[in-house]
Amino acid sequence: MSESTPTRIAIIGGGFSGVMTAVNLARLAKRPLHLLIINHQRPTGRGVAYGTRRMEHLLNVAARNMSAFPDQPDHFLQWLRSRSEYDDMPERELREKFIPRMIYGDYLRSILHNHLQANRADTRVQTEFVEGEAVDVEVDEKGALVYLRNGAQLEVNRVVLATGNEAPAEMAGAETLHEHAGWIGNPWLPWHEKLPTGGGTIILLGTGLTTIDAVITLRAMGWQGEVHAVSRHGWLPKSHFRGIEYADFPPVGIDLAALGLKELAALMQAHCARLREVEANPAIIVDKLRPYTQRIWANFSVEERLTFAQNYAARWNVLRHRIAPEIHAQVASAQLTGQLTIHAARIERVEAAGARVRVHRDHGAPLEGDLVINATGPQTRFSATRSLLLQNLLRRGIIASDAMDMGVSVDEDHIALLPDGSRSQHLLALGPLLRGTLWETIAVPELRGQARRVAETLLQQTVRHEPEPVMMEFMI
Ligand SMILES: Cc1cc2nc3c(=O)[nH]c(=O)nc-3n(C[C@H](O)[C@H](O)[C@H](O)COP(=O)(O)OP(=O)(O)OC[C@H]3O[C@@H](n4cnc5c(N)ncnc54)[C@H](O)[C@@H]3O)c2cc1C
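Residues numbered from 1 in each chain as written. Predicted model: local features only at pLDDT ≥ 70, side-chain atom pairs only at ≥ 80, totals over all residues. Heavy atoms only, no water.

Asker: Describe in detail the sheet that holds strand 2 (residues 33-39), supporting the description with residues and values.
Answerer: With respect to topology, six strands assemble into an open sheet ordered 3-2-1-7-17-16, the strand pairing being mixed. The sheet terminates laterally at strand 3 (125-131) and strand 16 (415-417), the two strands that pair on one side only. The average angle at which neighbouring strand axes cross in this sheet is 30 degrees, direction not considered. The sheet contact formed by strand 1 (residues 7-12) and strand 7 (residues 158-161) spans four bridges and is parallel. Considered in strand 7, the bridge of isoleucine 12 is made with leucine 161. Packed on one face of the sheet, helix 14 (residues 444-458) meets strand 1, strand 7, strand 16 and strand 17 (423-429) and runs near 155 degrees to strand 17. (Pairing = 2+ DSSP bridges. Helix = DSSP H or I, 4+ residues; strand = E, 2+ residues; numbered from the N terminus. Axes fitted to C-alpha atoms, helices over the stretch in contact; angles between N-to-C directions. Contact = heavy atoms within 4.5 Å.)

Shown next, in the form of structure tokens:
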């Protein structure tokens, strides 16, 4: 290929990860590139999280830690100043604010506009926005062919997989409910128009962040009925809090990543107990562990990773994925007034009960709702993926599941690994797809670094990176 022939790169997925990969390519490229961002279901740039149209859905990370660029930590704060509601807010207050996710989507759209659309006259990097679902990729020594569901075919040199979070796994029995008016299988598509009018009962399957979104929306809409939420442990996300200085963790001279799961868990439990004794929140330990999590995960054996996922992940998630204090207060109030009831039980199956949907659990009588929403969190068993694209790539053997079967197996520089462990000539991946390899690969503080590294790999400017240190999050 001559120096002036643009390298064609298809980026599948137009959420934060895909768009920021394209933006970093546009910022760093010294030679011609033709980028094709393929996205479906929602506007490019917003993705699942920031595509919400509801102002009551807040970010769960404070504004100061939400810059889209790893090398410009205050970028989001500065952008917020361009909006009238934040232009004269004191800096200290703005930094700690939990901004509506819809506004964060506007931020991403403005970055996309500035870097990928406004410079149309710049022939160095051209961007094409392709609306549609990629369903397959074929590779040969010359490049790759991306197939779309509408029959279109795109010839490219490299392919980046940035397909993000998958909808929750199918619930037992839900296969008979696809046409049922009382069943919502994907909680991230609008469900508000299906709300029973004049009260009734809503059942939320899961008690995580998506359930919190739903409860907050029902309150914002002034909906008066009963809400039940069911999950194995019945644990709701905790609130962000103002932490205390706790210099004793990690203990000086101990390499946390070298400890192994058993010793690490014992060390954490001992420090959590000490914090409880002084009436401090033990979640401080989880925050202080974050700069080390990816290295710890990388050093765990597969057996340790599996044990962690089985025995500790639920508690970890509750402490780690916290919510804005004002959101937490609303959920607590919904519980106090009796509108929201939490049930700790394993959900066994769902079935139609006339116009309602019945939820069977492993103990307690079945619950019946006028609307039942599957909010159990993204599907994580990769070999059971419902994405036709990923099913086809696995079948063709041009990607492989990681050892945990949680996502795509990749090398340190994000190049996809083939089933025999060799490096793909064509495919790279980032974002929630890397769960099994990195564990912490979900939120913006991790993804902005990944988007930059993928761009560097594609431009062959790769330098060896330690994981980006996550800024300490007292009061995030
Ligand atoms: C409800 C919710 C709230 C969150 N809140 C926060 C928060 O406050 N702070 C934070 O840091 N993180 C938050 N997150 C984490 C969030 O996942 C990341 O911040 C980030 O948005 C993930 O971006 P992504 O591009 O990797 O994935 P996604 O946002 O899932 O985007 C992937 C995109 O790819 C498209 N796509 C998938 N497959 C195909 C295909 N085959 N062809 C074409 N297009 C395809 C999808 O339709 C989607 O538009 C939240 C997540 C959720 C689900």
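Asker: Account for the sheet that holds strand 8 (residues 183-184), with residues named and values stated.
Answerer: Taken in spatial order, the five strands line up as 8-15-9-10-11 in an open sheet, and their pairing is parallel. At either end of the open sheet lies a strand with only one pairing partner, and these are strand 8 and strand 11 (340-344). Examined bridge by bridge, strand 10 (residues 226-231) and strand 11 share five bridges and lie parallel to one another. Among the inter-strand pairings, valine 227 is bridged to a residue of strand 11, identified as leucine 340.

Asker: Mind laying out the domain arrangement of the protein, listing which residues take part and the relevant values?
Answerer: Domains assigned within the protein are domain 1 (7-166 + 380-458), domain 2 (174-238 + 322-374) and domain 3 (256-315). On a C-alpha basis, the centroid separation for the pair domain 1 and domain 3 is 29 Å. Interface area for domain 1 against domain 3, summed over the two sides, is near 940 Å², with a carbon-plus-sulfur share of 65%. A per-residue breakdown of the area domain 1 buries against domain 3 is headed by Met404, Trp439 and Glu440, which together make up 57% of the total. For the pair domain 1 and domain 3, the number of links is one salt bridge. (Domains from an automatic or database assignment. Buried area = accessible area lost by both parts, 1.4 Å probe. Salt bridge = Lys/Arg side-chain N within 4 Å of Asp/Glu carboxyl O.)

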